[in-house]
Amino acid sequence: IYADPQWLVKAKSAMKGHGWEVQHQSQVFPFDQTDYYSTEMGEGLKRCFLSIKGLQSLEFSADWKLKTLEIEQQFSNKGKRRINFFILIAYCIRWL
């Protein structure tokens, strides 16, 4: 979630610095179903979804959250985030 697209570009660059290569980015959607983040992040919020290249072990999911928090803090201004990550974990089970 972000208001200014420059923060998405910067966050994607920071993700690469953590060894995460963005494989795909969805279209951009308005984040307008709630004003929950408006006070912190401003008006006209947008959302998109990013997928990371390669398979990742669920064992490290807590590390992913810590890294995304670090990126959010890196780009914050006076304690207010300019970008907000939600980590979604998708997995497939192969039935034999």
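In this text the structure is predicted, and so the values were computed from the model without any measurement. (Residues numbered from 1 in each chain as written. Predicted model: local features only at pLDDT ≥ 70, side-chain atom pairs only at ≥ 80, totals over all residues. Heavy atoms only, no water.)

A. Representation of the overall build of the protein within the structure. If you tally the helices and strands in the protein, you get three helices and four strands. Each helix and strand of the protein, placed in order from N terminus to C terminus, yields the pattern α-β-β-α-β-β-α. Across its three principal directions, the C-alpha atoms of the protein cover 50 × 25 × 20 Å. Burial analysis of the protein (96 residues in total) assigns 24% to the buried set. Intrachain contacts of the protein at a sequence separation of at least 6 include 67% that bridge at least 24 residues. Accessible surface computed for the protein: about 7,200 Å², of which carbon and sulfur atoms make up 54%. Positive and negative side-chain charges of the protein, numbering 13 and 10 respectively, have mean locations separated by a distance of 5 Å. (Helix = DSSP H or I, 4+ residues; strand = E, 2+ residues; numbered from the N terminus. Buried < 20%, exposed > 50% of the residue type's maximum accessible area, 1.4 Å probe, protein only. Contact = heavy atoms within 4.5 Å. Areas by Shrake-Rupley, 256 points an atom, 1.4 Å probe, with all protein chains shown as cover. Lys, Arg positive; Asp, Glu negative; His and termini not counted. Charge placed at Lys NZ, Arg CZ, Asp CG, Glu CD.)

B. Expanded view of the side chain of Ser-38. As for its placement among the helices and strands, Ser-38 is situated in helix H2 (residues 38–41). Residue classification places Ser-38 among the buried positions, given a relative accessible area of 17%. Those residues in contact with Ser-38 that lie beyond four places of it in its chain are Glu-43 and Leu-45.

C. Seen up close, the nonpolar core. Counting residues in hydrophobic clusters, the biggest one holds 13 residues, and the most contacted among them are Ala-11, Ile-71, Phe-75, Ile-83 and Phe-85. If you list the elements that add at least two residues to this core, you get helix H1 (5–17) and helix H3 (61–74). Among the elements that make up this core, the one with the highest residue count is H1 (five residues). Excluding residues within four positions of it along the chain, Ala-11 makes contact with Ile-71, Phe-75, Ile-83 and Phe-85. (Core = buried A, V, L, I, M, F, W, Y, C linked by side-chain atoms within 4.5 Å.)

D. Geometry of the layout of surface pockets. Looking at the largest pocket, its volume works out to about 910 Å³. Around the largest pocket, the lining comprises 27 residues; the ones closest to its centre are Leu-50, Ser-51, Ile-52, Ile-87 and Leu-88. Mapped by element, the contributors of at least two residues to the lining of the largest pocket are H1, strand E4 (50–52) and H3. With three residues, E4 is the single largest residue contributor to the lining of the largest pocket. The residue inventory of the lining of the largest pocket, partitioned by class, reads 20 nonpolar, six polar and one charged. (1 Å grid on protein atoms, 1.4 Å probe; cavity = no way out; pocket = protein on both sides within 12 Å on 5 of 7 lines; lining within 4 Å. Points joined across faces, edges and corners; volume = space filled by probe spheres on them. Nonpolar A, V, L, I, M, F, W, Y, C, P; charged D, E, K, R; others polar.)

E. Inspection of unusual backbone geometry at higher detail. Here the phi dihedral of Lys-78 falls at roughly 55 degrees; this positive angle occurs in a residue that is not glycine. Tracing the sequence through the fold places Lys-78 in the segment after H3. The exposure class assigned to Lys-78 is exposed, which follows from its relative accessible area of 82%.

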